[in-house]
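Survey of secondary and tertiary structure
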Amino acid sequence: MVITFSTLTIGLANLLAAFLFLFGLKRMSSPVTAPSGIRIAGVGMIAAVLASFLYVFSVDASAQSHLLVNVALALVAMAVGGVGAWFVGRKVAMTAMPQMVAIYNGMGGGAAGGIAAIELFGSRTHGVAQLAVTLLGGLIGAVSMSGSVIAWAKLDGVLKKPLRFKGQQIANGLVFLAGIAVGGWIILGPMSGAAMILPMPTWITLFFGLTLLFGIMMTLPIGGADMPVVISIYNAFTGLAVGLDGFVLQNPALMIAGMVVGAAGLLLTLLMAKAMNRSVTNVIFTNFGATAKAHHGAVKGTERPVEASDAGIKMRYAASVIIVPGYGLAAAQGQQKLYEFVKLLLAAGVKVRFAIHPVAGRMPGQMDVLLAEAGVPYDMIFQLDDINADFATTDVALVIGANDVVNPAARTDKSSPIFGMPILNADKAKQVYVIKRGQGKGYSGVVNGLFYEPNCNMVYGDAQAVLIKMIEAVRGLGAAAA
Amino acid sequence: MHFDIAMGGLIALYVFMLAGFAGWVIIGNVPAILHTPLMSGSNFVHGIVVVGGVFALLNANNALEQAIGFFTVLLGAGNAAGGYAVTDRMLAMFKTSGSRAKPHHGHGKVHHLKKS
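Calculation criteria
- Residues numbered from 1 in each chain as written.
- Chains lettered and ligands numbered in written order.
- Predicted model: local features only at pLDDT ≥ 70, side-chain atom pairs only at ≥ 80, totals over all residues.
- Heavy atoms only, no water.
- pLDDT = per-residue confidence, 0-100.
- Contact = heavy atoms within 4.5 Å.
- Buried area = accessible area lost by both parts, 1.4 Å probe.
- Salt bridge = Lys/Arg side-chain N within 4 Å of Asp/Glu carboxyl O.
- Polar contact = N/O pair within 3.5 Å; in protein donor to acceptor, adjacent residues only side chain to side chain.
- Helix = DSSP H or I, 4+ residues; strand = E, 2+ residues; numbered from the N terminus.
- Nonpolar A, V, L, I, M, F, W, Y, C, P; charged D, E, K, R; others polar.

**Things to note about the confidence of the model for chain B**
Residue and element names in this part refer to chain B. Confidence in the prediction of chain B, expressed as mean pLDDT, is 80, and 77% of residues score 70 or more. In this model residues 1-7 is a low-confidence stretch, pLDDT under 50, and it forms two contacts with partners more than four residues away in sequence or in other chains. Scored below 50 in pLDDT, residues 101-116 shows five contacts in the model against residues more than four places distant or in partner chains. Complex prediction metrics read pTM 0.85 and ipTM 0.86.

**Quick notes on the interface of chain A and chain B**
Contacts between chain A and chain B engage 106 residues on the former and 80 residues on the latter. Summing the contributions of chain A and of chain B, the shared interface buries around 8300 Å²; its carbon and sulfur component is 77%. On the chain A side of the contact with chain B, A:Ile38, A:Tyr104 and A:Ile118 bury the most area, a combined 7% of that side's loss. Linking chain A to chain B there are three salt bridges. Close ionic contact of A:Arg90 with B:Asp88 constitutes a salt bridge, the shortest N to O distance being 3.1 Å. Counting across the interface, chain A meets chain B through 23 residue pairs in polar contact (both at pLDDT 80 or more). Broken down by element, the residue count for the side of chain A that touches chain B peaks at 17 residues, all from helix α3 (residues 67-91) of chain A. For the side of chain A that touches chain B, the per-class residue count stands at 70 nonpolar, 27 polar and nine charged.

Now the structure itself:
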């Protein structure tokens, strides 16, 4: 490519963008500097996007006659996609954040796949290496797109149950191998000089069809509580696909941004899998809920329910309370009422802290965001390793809509499918209250022995409704005293 | 394969290696409390794919490529704008006990919300 003023400007804008992305992400390592971090990265994005229109000065000769139409299409696409997503992103409920992240992963993956498709359909890639990288970028992008759509559907409740059938893994494997075979044929077929049987565009369409199908089939059997791992994987996939496209287009900004995101996604994937004490392959390829059904575990005793008001008053007179929120809190949209209750406890001199399990909720850090939304200061929020030792000296542990992450079987029962998973030691507190919709097992299908312990009482009901009753009970006390 | 292309490929691997390493180190320092905004923030960063989409669409020379290019830019722009919007919203919510009392200068919207 001849260096002209426009290509130089594009190159420098992309360099600036790559630097600002790294610098912005670096500032995300503290809640204090993080807001400026995303804005710095935003400046980089604007610079790169504005500069990208300078490509009009260096388009291929074959595209010259279409240039006006293409520029118009680009502007319309950018306006529709950008403005639409901006308004949705500004309005969407915080509890819907896992779905949104899944959608953005899918959009990025789709765009990466689209770039690969254009390069392939236009026969713009030459040589084995470049063709292979393009196909790989297309494959990962396509899997990320269709898989993320399924992940979104699951998180949004459109798809209620994991779809599982006998021989599923074999079927998935066959689809994947077929996709790889078609990809290999796209590279090697024309080189070998053999007849292609079908025209090239048909093969390319088939390739994308198979990879999209694989993304769907791979995600369908995975259950809701494994979503933190799945979302992280697709985040990594999309980053990787974008990075590979960057190589194909010879654009280092895409390569750097994509690879940084790929590394970030990989790191989070491993963190989430570790927090479940399972390998990444286990999450993707094992039907966890199905295998766990064999282990019902016999637990003696009965669950002892108490009234919400009694539990609320007990906490009002406790010296210290640790709250363990889980997906049930998010599902009930109970975060605002929870903080209202906590403020009453704080006013009464109770020491209140929040304990967050790494895989609580449907994506990494979801509980932290919900608490932040309700106004809980982040210095009240503690992660597993920082607070676990303190349960033993705490008066009350309040578990809200969480189950497996506080199941003591993970510590003691070697036959349990969740054995070895790091858990929050809520059972060590003097008194445990569990707010739960009703009797039933957690996602893993394992009986939770905690619920039958002598120091544990159940408060049945929707988390928000229960918290409202607790608030009324504690307020009632205050009114009586005054 | 020409020498310059081979070098290009190798340098590309260096870029991938260094970027991956930088990403790993930078992200490794992000506390668990910020993992959701980190994820949506990195979502936003891979929205840079829109730049590649613009390049591909501008060079499109038939209706099929124009159609794919249009959706590529649409999806990429949505990815970038949406990822930015949600990340910015989330990060604005994180407060310490100390900073809660302070007025949020320069943000009329936040003020308004607090009053109502």
